[in-house]
Amino acid sequence: MKFRGKIIDVACLNHFSRVITTISKLTKTCVMRLTPDNLFFVLSGKVTNGGVSMWCELHQANFFDEFQMEGVSSEFNEICLEVTPENLSRALKTVQNAKSVKVKLTKKHCPCLTVAAELPSLSSNSRVVTHDVPVEVVPRSLWHEFKEPSMPDFDVSIYLPPLKTMKNVVDRMKNLSNFLVMEANLSGEMNLKIETDLVSVTTHFKDLGNPSWGKTSGPIRLPVPQINPNVVEVTRMTPHVSTGDAASQDGGASQSRDPEAMAEVRVDIRKLQQFLVGQQVNPSKAMCNIVHQSVVHLILLHDDVSLQYFIPAVA
Amino acid sequence: MQCVVTGGNVKVLAKAIHSLSRIGDELYVEPQGDGLALRSVNSSRSAYACFLFAPLFFSRYNIRKEVNFRCKMAIKSVQTVFRSVATLEKTVEKCHIELDEAKDRLTFTLHCKHGLLKTHNLSYQDSESLQAVFDKDSYANVFRAHPRLLVDTVVHFPLSVEEVTVTVSDERMWVRNHVEDERSRAMLTELCLASDEFDHFAVKAHHSITFCLKELRGLLAFAESTGLLLSMYLDEPGSPVVLSVTDSVLEGNFVLATLSDDHNLYGRDLGSPLYQPDAEQPPPPDDFMNDDIDSYLIAMDTSVAPGPSAANPPTTSLAAARETPSDRHRIRRHSEEEEDGDRLPNKKFRSIFFGSVLPPSPQTSMQPVPTQEVLASNSEDETEAD
């Protein structure tokens, strides 16, 4: 197992560290999967982390100038590491002005992801800083836990309002209740509601637009943006259909649905807030899929980064 | 005593008090013939700081030479006088410091713009002289640099890092965070500075010392705002490190205890067999560009091993790391009880000796007095006045 990547471009470095920081706000530990083309940060929905799961996908070529890796074997050319994204984020934050940054898998007192940066200095020699972030190597037998989550058979898919607005609303609501009901329909309307014995508050959003999930088989292509036609069209695959039963996905639940009917999910408000507070990706598109009384699937897209976050419903 | 500080010097005084507040809870004030001395010491006596403002720093400096007056007061209350350094600079034109011995009060009067007058009456306690004994001129290694260099260095260490280890060779200085248990899962950060980044770099002995970062940050804040060069004097492990700033009208010295390696068990001590070779000889900077990926190989069992703890942990250290809780504090507290405690460094900061407990010979170098070893900070203050 070998891995070494090098980032020279300041914008790439900055972007990369913002992605890692976003992840660090969502989870204490997660699994980092390295493949020859991609980096994934995965959190599988276990009870211990409140049932939330996360899938973040980055195209390595968009960040790294050099990217060399050798997986566990030629058959399984991947590396799976359990990392503490906060440490990684901290290491990257201090090297924002570096001339170049290397991220490599090293064997120190324990396996480490070493972030080595060449910093500008007052002398002819560069200043070199290294951060050894301890990681754990995830054995092959556990890899199956970190597969891409399947696209839920959602009832409603809707674009989110500006995340900052949403954050402000959720921040206020959090003071009043621990649970929030998120509901949306196919006419571009979404409501955020809290209900307690003393007070009921609802914030209504309208004209948000509903993404059209095209007819596909296998991996779903992300919808062509309807609201912002200028944004870069993302054609990279994100969610997979679990069954390959594309028809039910495409038409099924959503098309035969009454456009006014709301699909709703009651979620832990802290989980939603965490997602809204932490995100630093400035997504070009943000949307959410709702499976009635089951799960909220949030998707952020920004160039070649996609972040999916699943919040389960609570009774 | 009556002194007047004007103009930009008010800010310098304010910054000095703020950096002293990083050390201890009390401010020791002693008007001397050669200037006003402001000092502080932490409760475990492992850190001491002193600023001496020469009479020329003040636009007026009157003291009664016949009386040796000394006092101490809560540093928090002095900080409130100079609370916001930013607004201080804009609004305060003059600061009077006056002693009212009849009422046991030290009065700070700030003359602000538009004739606004702010008066703070602070009560004080008498105290003995507080004077650490150190002789920085006898130190083997001396460095001088613009504070910016050290600010850019410490910025790489998160605030949670308490101690750093500084290792020096003829041409380089390495700074890394100090981790007591090599097997802990703490992040390790190391930074290498070349000698030519310093204004002065004189190494006579290759030492590796460990001291607290908090106080260094305090002095750096002062040095950076005043733009004064910072000198660093260091010697063998166990003898304090001295950080100082000097100017024609002021002098600041911070004396910080270093971790001693009395037991020669200190894992990161140079020459110790436990010291990891790659850490002892950190790679030269040019390696950064030319390293070979093969050197970063992690040997791993790649077969699909059955069972949950499959991967036959490649190294014992990994296995050990799994067993050891990552919580550093827990490790620290129990380190002495751990079975192979002899591998673990005994965290002992040697306290600094004070003039008041020794015969009054001001510039004696470190006396070989039985060491007063102090572990972590203990109960409240236990100054010699008590």
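Parameters at a glance
Residues numbered from 1 in each chain as written. Chains lettered and ligands numbered in written order. Predicted model: local features only at pLDDT ≥ 70, side-chain atom pairs only at ≥ 80, totals over all residues. Heavy atoms only, no water. Helix = DSSP H or I, 4+ residues; strand = E, 2+ residues; numbered from the N terminus. Buried < 20%, exposed > 50% of the residue type's maximum accessible area, 1.4 Å probe, protein only. Contact = heavy atoms within 4.5 Å. Areas by Shrake-Rupley, 256 points an atom, 1.4 Å probe, with all protein chains shown as cover. Pairing = 2+ DSSP bridges. Axes fitted to C-alpha atoms, helices over the stretch in contact; angles between N-to-C directions. Salt bridge = Lys/Arg side-chain N within 4 Å of Asp/Glu carboxyl O. Domains from an automatic or database assignment. Buried area = accessible area lost by both parts, 1.4 Å probe. Parallel < 35°, antiparallel > 145°, perpendicular 65-115°, else oblique. Left-handed = near helix turned anticlockwise from the far one by under 90°.

A. Structural detail: the overall build of chain B. Helix and strand content of chain B: nine helices and 21 strands. Taken over 386 residues, chain B has a buried fraction of 53%. Residue pairs in contact within chain B that sit at least 24 positions apart in sequence constitute 66% of those at least 6 positions apart. For chain B, the exposed area adds up to about 17600 Å²; of that, 49% sits on carbon and sulfur atoms.

B. Structural view of the pairing of strand 4 (residues 47-53) of chain B. Residue and element names in this part refer to chain B. Summarising burial for strand 4: seven of the seven residues are buried, a large majority. Alternating residues of strand 4 divide into Ala-47, Ala-49, Phe-51 and Phe-53 and Tyr-48, Cys-50 and Leu-52, and every residue in both groups is buried. Bridge count for strand 3 (residues 35-41) against strand 4 is six bridges, and the pairing is antiparallel. Bridge pairing in strand 4 places Arg-39 opposite Cys-50. The turn linking strand 3 back onto strand 4 is made up of five residues, and Arg-45 within it adopts a positive phi angle of 60°.

C. Spatial organisation of the sheet that holds strand 2 (residues 26-32) of chain B. Residue and element names in this part refer to chain B. With antiparallel pairing, the ten strands of this open sheet are ordered in space as 10-6-2-3-4-19-18-17-11-15. Each having just a single partner strand, strand 10 (125-126) and strand 15 (200-202) make up the two edges of the open sheet. Of the strand pairs in this sheet, strand 6 (residues 71-74) and strand 10 are connected by two bridges, and their pairing is antiparallel. Bridge pairing links Cys-71 to Asp-126 in strand 10. In the packing of helix 5 (residues 213-226) onto the sheet, the strands contacted are strand 4, strand 17 (230-234), strand 18 (241-246) and strand 19 (250-256), and the crossing angle to strand 18 comes to about 10°.

D. Focus on the pattern of salt bridges. For the structure on display, the rule yields 21 salt bridges over all chains. In this structure, A:Lys2 and A:Glu70 form a salt bridge, with 3.9 Å as the shortest nitrogen-oxygen distance. Highlighted residues: A:Lys2 in strand 1 (residues 2-7) and A:Glu70 in strand 5 (residues 66-70), separated in sequence by 68 residues. For A:Lys2, a relative accessible area of 12% puts it in the buried group. Among the salt bridges present, the one from A:Asp155 reaches A:Arg257, with a minimum N-O distance of 3.8 Å. Highlighted residues: A:Asp155 in the loop between strand 11 (150-151) and strand 12 (156-159) and A:Arg257 in the loop between helix 4 (246-255) and strand 17 (263-268), separated in sequence by 102 residues. Across this residue pair, the class does not change: A:Asp155 and A:Arg257 are buried. Counted as one network, the salt bridges with shared partners bring together A:Arg127, B:Arg148, B:Asp152, B:Glu197 and B:Glu224.

E. Summary view of the environment of A:Gln274. Residue and element names in this part refer to chain A. Take Gln-274: it is sitting in helix 5 (residues 269-278). Residues Gln-274 and Ala-261, 13 residues apart in the sequence, show an inter-C-alpha distance of 28 Å. When residues no more than four places from it in sequence are discounted, the contact partners of Gln-274 are Lys-25, Leu-26 and Tyr-309.

F. Summary view of the pairing of strand 19 of chain B. Residue and element names in this part refer to chain B. Among the seven residues that make up strand 19, six are buried, leaving the element largely enclosed by the rest of the structure. Where strand 4 and strand 19 come together, seven bridges link them in antiparallel fashion. Considered in strand 19, the bridge of Cys-50 is made with Asn-253. From the end of strand 18 to the start of strand 19, which pair antiparallel, there are three residues.

G. Just the domain arrangement of chain A, in detail. Residue and element names in this part refer to chain A. According to the domain assignment, chain A consists of domain 1 (2-146) and domain 2 (156-312). Counting residues at the interface gives 21 residues for domain 1, matched by 20 residues for domain 2. Regarding the contact of domain 1 and domain 2, the summed buried area is about 1900 Å², with carbon and sulfur atoms giving 55% of it. When the buried surface of domain 1 facing domain 2 is broken down by residue, Thr-22, Leu-26 and Glu-57 rank first, second and third, together holding 30% of it.

H. Summary view of the packing of helix 4 (residues 147-154) of chain B against helix 5 of chain B. All names here are of chain B. Orientation of helix 4 relative to helix 5, taken along the N-to-C sense of each, is 140°, at an axis distance of 10 Å. Overall, the two elements helix 4 and helix 5 adopt an arrangement that is oblique. Relative to helix 5, the crossing made by helix 4 is left-handed. Together, Pro-147, Arg-148, Leu-150, Val-151 and Val-154 of helix 4 and Leu-213, Leu-216, Arg-217, Leu-220, Ala-223 and Glu-224 of helix 5 make up the contact between the two elements.

I. Quick peek at the sheet that holds strand 12 (residues 163-168) of chain B. Strand order in this open sheet of nine strands is 5(A)-1(A)-7(A)-8(A)-9(A)-14(B)-13(B)-12(B)-16(B), and the pairing throughout is antiparallel. Both outer strands of the open sheet, strand 5 of chain A together with strand 16 (208-212) of chain B, are each paired with one neighbouring strand and no more. In this sheet, adjacent strand axes meet at a mean angle of 15° when their direction is disregarded. As judged from the five bridges shared by strand 13 (residues 172-177) of chain B and strand 14 (residues 188-194) of chain B, these two strands associate in the antiparallel manner. Within strand 14 of chain B, the residue paired with B:Arg172 across the bridge is B:Ala194. With respect to the sheet, helix 2 (residues 85-93) of chain A is in contact with strand 7 (100-107), strand 8 (111-119) and strand 9 (127-134) of chain A, its orientation differing from that of strand 8 of chain A by roughly 15°.

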